[in-house]
Structures are given as structure tokens and as C-alpha cells.
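Architecture at a glance
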Amino acid sequence: MTIKLLKRLRKMRQLDTVRFIRNACAPMVLQVAFFDNGQLRKQLIRTREGGVVTCRHLGEAYELCRSAGVHRAELVQIVSHDEACAGDSSVATGPTMSLIF
């Protein structure tokens, strides 16, 4: 999923939600949920080279979304458990926060 495809999905009204996902101290990533042939799919925003786009703060994430004409998103914050006992699991700290920008 690139910014160009995000723009196209928004114009075609296939976009469901954009989520800013922040996992502990890791950079923020943007996840896009959209409808494809009637099914809801989720993908991370990537660069043209295929790397995942990361943001250091909300301002950068807002700018990426604004460039695609998106002005609403959800913020999801994930807190990893203690590394010694958590295994592969992590949980969100609570419900998502709706953002309008």
C-alpha cells in the first residue's frame, strides 16, 4: 500500500479506516483498512521500494494522510509485556482514540 494507492482508495470510497499504530518505543506505522471485492483488507503504508513507512510523531503521520486527502484516523497504542515473560503477545492499552486533523 503506497500513498498513491491510499489516495485512489479514498477517491473510490473504498477506504474504511486509517490507524496510527504505536508499539512501545518503536516508530509509528500507518495501517490502512479498505474494501477489496467486498472483503475488508488491512495493509501497512510502504515506500515505493517496499519498506514500511515509519513516523516519529503524530505530526508526520498527519502530513502523510493529508497528502492523500485523509483527515480522520485512529490512534492505537500497544504496550509490550515484560520481555522475559510475554512471549509473542502484546496488548493495546485501551480503546482506540479517534483523531480528526
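Scope of this entry: the structure provided in the associated data block. Not measured: the values here are computed from a predicted model. Within each chain, residues carry numbers counting from 1 in the order of the written sequence. The model is predicted, so local features are restricted to residues of pLDDT at least 70 and side-chain atom pairs to those at 80 or more, both for listing and for counting; the totals for chains, interfaces and linings are taken over all residues. Here the side-chain values reflect all heavy atoms present in the structure, with hydrogen atoms and water set aside.

**Notes on the side chain of E74**
Strands here mean DSSP runs of E at least two residues long; helices mean DSSP runs of H or I at least four residues long; both are numbered from the N terminus. On the secondary structure map, E74 appears in strand β5 (residues 72–80). Exposure classes here rest on a 1.4 Å probe applied to the protein chains alone. A residue is buried below 20% of its type maximum, exposed above 50%, and partly exposed in between. You can call E74 buried: its relative accessible area is 18%. Polar contacts, as counted here, are pairs of nitrogen or oxygen atoms within 3.5 Å of one another; within protein the pair requires one atom able to donate a hydrogen and one able to accept it, and residues that are adjacent in sequence qualify only if both atoms are side-chain atoms. A polar atom in the side chain of E74 sits 2.7 Å from the side chain of R19. Discounting chain neighbours no more than four positions away, the residues touching E74 are T17, V18, R19, F20, T96 and M97. The contact criterion used throughout is that any non-hydrogen atoms of two residues lie within 4.5 Å.

**Here we look at the side chain of Q31**
Inspection of the secondary structure assignment puts Q31 in strand β2 (residues 28–36). Assessed through its relative accessible area of 17%, Q31 is described here as buried. In this structure, Q31 is in contact with T17, V18, R19, I21, K42, Q43 and L44, ignoring residues within four places of it in sequence.

**Focus on a positive patch on the surface**
A cluster of like positive charges, contributed by K4, K7, R8, R10, K11, R13 and R48, occupies part of the molecular surface. In this structure, K4 sits in helix α1 (residues 3–11). Of the residues examined, K4 reaches a relative accessible area of 64% and is grouped as exposed. Surface patches are defined over residues having more than 30% relative accessible area and no salt bridge, joining like charges when they lie within 9 Å and nonpolar side chains (Val, Leu, Ile, Met, Phe, Trp, Tyr) when within 5 Å. Method for areas: the Shrake-Rupley scheme with a 1.4 Å probe, in which residue coverage is limited to the protein chains shown. The term salt bridge refers to a side-chain nitrogen of Lys or Arg lying within 4 Å of a carboxyl oxygen of Asp or Glu. Neither His nor the chain ends is counted toward charge; the positive residues are Lys and Arg and the negative residues Asp and Glu. Where a charge sits is defined by one atom per residue type, namely NZ (Lys), CZ (Arg), CG (Asp) or CD (Glu).

**Focus: helix α2 (residues 58–67)**
Of all the positions in α2, only A61, Y62 and C65 are classed as buried. Relative to the axis of α2, the buried residues are bounded by an arc of 100° and lie together on one face. Elements that come into contact with the buried residues of α2 comprise β1 (15–23), β2, β4 (54–55) and β7 (97–100). Downstream of α2 by a residue or two, G69 has a phi angle that is positive, lying close to 85°. Arc definition: it is the arc formed by the directions from the helix axis to the C-beta atoms.

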